Amino acid sequence: MRALNLQAKPLSLAERLADLAVDALIDEADLSPKPALVDRRGNGAHTDLHLGLMHASALSLWPAFKEMADAALAIGGINPALREHIGRIGREGEQAMLATTQGVNTHRGAIWALGLLVTAAALEPTSRRASEVTLRAARLALLDDRYAPRPLSHGAQVALRYGARGAREEAQLGFPAVMQRGLPQLQRSRVQGHGEQNARLDALLAIMTGLADTCVLYRAGEQGLHTMQSGAQAVLDAGGSASLAGRRRLHELDQQLIALNASPGGAADLLAATLLLDRIEHDGILQGAF
Ligand SMILES: CC(C)(COP(=O)(O)OP(=O)(O)OC[C@H]1O[C@@H](n2cnc3c(N)ncnc32)[C@H](O[C@H]2O[C@H](COP(=O)(O)OP(=O)(O)OP(=O)(O)O)[C@@H](O)[C@H]2O)[C@@H]1O)[C@@H](O)C(=O)NCCC(=O)NCCS
Ligand SMILES: Nc1ncnc2[nH]cnc12
């Protein structure tokens, strides 16, 4: 009689990257208390979202992230063929998300940002530093996708109205909100011993201090954006999420943004991108997956 082989099959590189991306989305959703966003406490400024939906949406995206990483491995270079291939997978991912959420847009911006990062990481698996991965992602984002529809999205509408740079430009510039604000703050707060959850909240706040979040602009205009940016800075100046003064400011910011119906969904996506890049750089399993 043959003994049962109970050893788990090692994950492929694409499977591990998809796991890391979905984990980052779930960790972002769970992180609490986030100002005006869906978290463990409630629905923030949203009437059509809740935590279970955010989790289901994140899980529905696993196949799309894996397929994007597989496409990078198969095509092997930054070129229009890869850009158009992942564009198609991204649009299919959006359909999977909408089918799961019954039409609610939970993670459109996240599919874009994390999809580019997963693809960029798979392209050169030994070059995993955040600065290297975001540079490759930016080069991909700069390429044209002939098949991309150009709807008058919320982002496109506020670009016309306020001249704001949105999700596309953030990626094309190499994710400055992540590289210059989110990741450095995550590391600073960790080093200062603030605890992982507070470090993640501080990273989100640091992203919010400078981002032209098109969700906030669409819902609450320039007043909403100013409230988000200055309020996030005030929390950090008061000592961040780990301090009592910072927590009081954070509570105020939550109330103010909810009153304005201003949900920083773009900043939330970029926090997930920050967590993903941090993991890609340090993940032990990924190191053994190629
Ligand atoms: C290039 C695309 C990202 C399209 O961009 P565009 O700006 O035209 O489209 P939007 O539909 O507005 O989506 C952009 C989403 O990106 C997030 N975001 C916002 N600001 C920024 C920023 N400055 N930097 C980075 N990311 C940002 C944000 O996503 C979150 O918010 C979503 C909810 O938004 P919204 O629908 O406006 O929702 P509500 O206000 O709640 O709506 P109502 O309830 O009022 O109706 C939520 O999903 C978060 O994810 C923006 O929404 C890209 O999507 C694209 O071209 N895709 C095609 C596929 C492709 O090529 N993929 C490539 C491979 S990955
Ligand atoms: N936690 C969250 N709440 C609302 N919108 C989001 N988009 C991405 N993450 C979100």
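Scroll up a little and you will see the structure.
So, here is what we can say about the structure in this document. From a predicted model like this one, the values you see are computed outputs, not experimental measurements.

### A word on the overall build of the chain
Link 1 in the chain: The helix and strand tally for the chain stands at 14 helices and zero strands.
Link 2 in the chain: When the helices and strands of the chain are placed in sequence order, the string is α-α-α-α-α-α-α-α-α-α-α-α-α-α.
Link 3 in the chain: Since a compact globule built from 290 residues should have a radius of gyration of about 19 Å, the 19 Å found for the chain is in line with a globular shape.
Link 4 in the chain: Overall, the chain is about 65 × 45 × 35 Å in size when its C-alpha atoms are taken along their principal axes.
Link 5 in the chain: Counting all 290 residues of the chain, 49% fall into the buried class.
Link 6 in the chain: If you take every contact in the chain between residues at least 6 apart in sequence, the share linking residues at least 24 apart comes to 75%.

### Points about the site of ligand 2
Link 1 in the chain: Near ligand 2, the surroundings consist of 14 residues, among which A29, L37, V38, G265 and A268 are the closest.
Link 2 in the chain: Listing elements by their share of the shell around ligand 2, those giving two or more residues are α1 (13–30) and α13 (265–282).
Link 3 in the chain: If you tally residues by element for the shell around ligand 2, the top one is α13, at three residues.
Link 4 in the chain: For the shell around ligand 2, a count of residues per class yields seven nonpolar, five polar and two charged.

### Quick word on unusual backbone geometry
Link 1 in the chain: S32 connects to P33 through a cis peptide bond whose omega is -5°.
Link 2 in the chain: The backbone of Q102 sits at a positive phi, close to 55°, despite the residue not being glycine.
Link 3 in the chain: With respect to the helices, strands and loops of the structure, Q102 is situated in the loop between α4 (80–101) and α5 (108–123).
Link 4 in the chain: Take Q102: there are 8 C-beta atoms within 10 Å of it, and that puts it in the exposed class.

### Observations concerning the site of ligand 1
Link 1 in the chain: With respect to spatial proximity, 35 residues lie near ligand 1, and among them G90, G109, G115, G155 and G266 are the closest.
Link 2 in the chain: Where the shell around ligand 1 is concerned, the elements lending two or more residues are α4, α5, α7 (154–162), α8 (167–172), α11 (214–237) and α13.
Link 3 in the chain: Sort the elements by how many residues they give to the shell around ligand 1 and α5 lands first, with seven residues.
Link 4 in the chain: A breakdown of the residues in the shell around ligand 1 according to their chemical character gives 13 nonpolar, 14 polar and eight charged.

### A closer look at the nonpolar core
Link 1 in the chain: Counting residues in hydrophobic clusters, the biggest one holds 89 residues, and the most contacted among them are L17, A21, F65, L114, L117, V118 and L276.
Link 2 in the chain: The greatest single-element share of this core, amounting to 12 residues, is contributed by α5.
Link 3 in the chain: Ignoring anything within four residues of it in the chain, the contact list for L117 reads V133, A137, A273, L276 and L277.

### Describing α5
Link 1 in the chain: Across its 16 residues, α5 extends 23 Å between first and last C-alpha, which sits within 8% of the 22 Å expected from 1.5 Å per residue.
Link 2 in the chain: Counting buried positions along α5 gives 15 out of 16 residues, so the element sits mostly inside the fold.

### Observations regarding the environment of Q192
Link 1 in the chain: Among the structural elements, Q192 can be located in the loop between α9 (176–191) and α10 (196–208).
Link 2 in the chain: C-beta crowding within 10 Å serves as the criterion here: with 14 such atoms nearby, Q192 is assigned to the partly exposed category.
Link 3 in the chain: Considering only alpha carbons, one finds Q192 and K9, 183 residues apart in sequence, at a separation of 39 Å.

### As for the packing of α1 against α13
Link 1 in the chain: Viewed as axis vectors pointing N to C, α1 and α13 meet at an angle of 135°, and their least axial separation amounts to 8 Å. With respect to α13, the element α1 is oriented oblique. Our pair here, α1 against α13, has a crossing hand that is right-handed. Facing L20, A21, A24, L25, D27 and E28 of α1, the residues of α13 in contact are A268, L271, A272, L275, L276, R279 and I280.
Link 2 in the chain: Across the contact of α1 with α13, the residue classes tally to 10 nonpolar, no polar and three charged.

Rules behind the numbers
Residues numbered from 1 in each chain as written. Chains lettered and ligands numbered in written order. Predicted model: local features only at pLDDT ≥ 70, side-chain atom pairs only at ≥ 80, totals over all residues. Helix = DSSP H or I, 4+ residues; strand = E, 2+ residues; numbered from the N terminus. Rg over C-alpha atoms; globule rule 2.2 N^0.38 Å. Buried ≥ 20, exposed ≤ 12 C-beta atoms within 10 Å, placed from the backbone. Contact = placed C-beta atoms within 7 Å. Near = placed C-beta within 6 Å. Nonpolar A, V, L, I, M, F, W, Y, C, P; charged D, E, K, R; others polar. Core = buried A, V, L, I, M, F, W, Y, C linked by C-beta atoms within 7 Å. Expected span 1.5 Å × (residues − 1). Axes fitted to C-alpha atoms, helices over the stretch in contact; angles between N-to-C directions. Parallel < 35°, antiparallel > 145°, perpendicular 65-115°, else oblique. Left-handed = near helix turned anticlockwise from the far one by under 90°.

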